[in-house]
Amino acid sequence: MVKAIRLHEHGAPEMMKLDDVELGEPKTGEIKMKNIAIGINYLDVYMRKGLLIGYSPPLPYTPGMEAAGVVIAVGPQVTNCKVGDIVAYAGFPVCAYAEEQILPAERVVQVPPSIDPIVAAAAIFKGLTAQVLVRRCFKVGPGHTILYHAAAGGVGSLACQWANALGATVIGTVSTKEKAVQAKEDGCHHVIIYKEENFVDRVMEITSGKGVDVAYDSIGKDTFEGSLACVKTCGYMVSFGMASGEAELTYRHLTYKSVFFTIPQFLLYTEARSDLVAASEEVFSNIAKGVLRVRVNKYPLSQAVQAHSDLENRKTTGSIVLIP
């Protein structure tokens, strides 16, 4: 038996309970991993609330889609890792909030010796997301100006650092002065505290009325219209979250300035193992070289409820991990 967080009913963070579960042994193509650290993502919150029915597992289940740990058993026909390897995964299956978990071997990647496993757990889901945002769905480069909401969040911190390193001018929005300081440290050339000023007016002022090449919006309903207003003609609108609720997209939204609109899922961009390995290596390489600095907030596994509450109430910056 191992300790695991279980969700028996959709709803508030308090619906999650620490239980004993029987894990079993890995089958063909699977490994068993003893978790060193487990990443928390906003996708976990959406699933917990029941907003992604058909996407999340049936109740009851163990939440979580990001972890790093040591391989303690391998099933038949596993060739990409062995007992004792330090590996990480991001995405499916949903089962990470536990002391141990069984995973498809093809979905884990090696964690380089230069990367702390706790940092790997904090960064692989968010790092792969950032990689898709700035390197795949829109290739950020010199001369580009980007708008990034929630610049002090787990993905935002990495994406803004990465975009800065790629030569872009980075405009970030945050909710507090404290987060504004972090966003500046993480590569934002301009930081807008959206509770104190209108971000649309400020973006247009910064860009001399031209707008941005791309807006990255994980907030959703509260910022969607404003984000579109900030995008220049034939620019890109990248929507990858709905922290404030689902935005209503209409034909009018996109035709007004001939905007390219996309909702990227890194899980689809890394569906092929070769893409997963290449993207992971790029993330880990940038961490090792200091291009990306990962901010980590640690909670014991038993305090998953508190971690979710703090995330939803915007009390954290950077990445959150649970430590078994």
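Rules behind the numbers
Residues numbered from 1 in each chain as written. Predicted model: local features only at pLDDT ≥ 70, side-chain atom pairs only at ≥ 80, totals over all residues. Heavy atoms only, no water. Helix = DSSP H or I, 4+ residues; strand = E, 2+ residues; numbered from the N terminus. Rg over C-alpha atoms; globule rule 2.2 N^0.38 Å. Buried < 20%, exposed > 50% of the residue type's maximum accessible area, 1.4 Å probe, protein only. Areas by Shrake-Rupley, 256 points an atom, 1.4 Å probe, with all protein chains shown as cover. Lys, Arg positive; Asp, Glu negative; His and termini not counted. Charge placed at Lys NZ, Arg CZ, Asp CG, Glu CD. UniProt positions renumbered as here; feature names shortened; annotations may be inferred. Pairing = 2+ DSSP bridges. Axes fitted to C-alpha atoms, helices over the stretch in contact; angles between N-to-C directions. Contact = heavy atoms within 4.5 Å. Phe/Tyr/Trp six-rings, centres within 6.5 Å; stacked < 30°, edge-to-face > 60°.

S.K.: Teacher, can you tell me more about the overall build of the protein here?
M.R.: Regarding its fold elements, the protein presents 10 helices and 15 strands. Taking 2.2 N^0.38 as the reference for a compact globule, 324 residues should give roughly 20 Å; the C-alpha atoms of the protein span a radius of gyration of 20 Å, in line with that estimate. Along the first, second and third principal axes, the C-alpha atoms of the protein reach 60 × 40 × 35 Å. Taken over 324 residues, the protein has a buried fraction of 54%. Carbon and sulfur atoms form 52% of the exposed surface of the protein, whose accessible area is close to 13800 Å². For the protein, the centre of its 31 positive side-chain charges and the centre of its 33 negative side-chain charges are spaced 4 Å apart.

S.K.: Is there a simple way to think about the UniProt feature "domain: Enoyl reductase (ER)" (unreviewed entry) in the protein in this case?
M.R.: Within this structure's numbering, the places UniProt gives as "domain: Enoyl reductase (ER)" (unreviewed entry) are residues 11–322. The span residues 11–322 is 31% helical and 26% strand by assignment, and the distance between its end C-alpha atoms comes to 20 Å.

S.K.: I keep staring at the sheet that holds strand E11 (residues 212–217) and nothing clicks. Help me out?
M.R.: Hydrogen bonds along the backbone pair up the strands of a sheet, which may run parallel or antiparallel. The six strands are arranged E10-E9-E8-E11-E12-E13 in an open sheet whose pairing can be described as parallel. Unpaired on one side and paired on the other, strand E10 (190–193) and strand E13 (260–262) mark the two borders of the sheet. Each neighbouring strand pair of the sheet contributes to a mean axis angle of 15°, computed without reference to strand direction. One ladder, built from three bridges, connects strand E8 (residues 145–149) with E11; its direction is parallel. Residue pairing across strands places Ile-146 opposite Val-214, the latter belonging to E11. Along the sheet, helix H2 (residues 117–137) contacts E8, E11, strand E12 (231–239) and E13; its crossing angle with E12, the most-contacted strand, is approximately 150°.

S.K.: Explanation requested: the packing of aromatic side chains in the structure shown.
M.R.: Two descriptors summarise a pair of aromatic rings, namely the distance from one centre to the other and the angle between the planes of the rings. All chains considered together, the criterion is met by eight aromatic pairs. Taken together, a centroid distance of 5.4 Å and an interplanar angle of 70° make the contact between Tyr-55 and Phe-92 edge-to-face. Of the two residues, Tyr-55 is situated in the loop between helix H1 (42–48) and strand E4 (66–74) and Phe-92 in the loop between strand E5 (86–90) and strand E6 (100–104); the sequence distance between them amounts to 37 residues. With a relative accessible area of 26%, Tyr-55 lands in the partly exposed category. Overall, the relative accessible area of 35% leaves Phe-92 in the partly exposed class. Between the aromatic rings of Tyr-148 and Tyr-216, the centroid separation amounts to 5.7 Å while the plane-to-plane angle is 40°, which identifies the pairing as tilted. You can see Tyr-148 sitting in strand E8 and its partner Tyr-216 sitting in strand E11, a full 68 residues away along the chain. Relative accessible area serves as the criterion here: at 1%, Tyr-216 is assigned to the buried category. Taken together, Phe-138, Tyr-236 and Phe-260 form an aromatic cluster joined through their ring pairs.

S.K.: I keep staring at the pairing of E5 and nothing clicks. Help me out?
M.R.: Strand residues, when the strand is regular, have side chains that alternate between the two faces of the sheet. With respect to burial, E5 is a largely interior element, four of its five residues being buried. Sheet topology places E4 next to E5; five bridges connect them, and they run antiparallel. Along E5, the bridge assignment pairs Val-70 with Ile-86. Pairing analysis gives three bridges linking E5 to strand E7 (residues 108–110), with the strands arranged antiparallel. Along E7, the bridge assignment pairs Tyr-89 with Val-108.

S.K.: Quick question: what am I supposed to make of unusual backbone geometry here?
M.R.: One can expect most non-glycine residues to show negative phi and most peptide bonds to be in trans. A cis amide bond links Leu-59 to the next residue, Pro-60, at an omega of -15°. Position of Pro-60 among the secondary structure elements: in the loop between H1 and E4. Here Phe-92 and Pro-93 are connected by a cis peptide whose omega angle stands at 5°. For Pro-93, the position within the fold is in the loop between E5 and E6.

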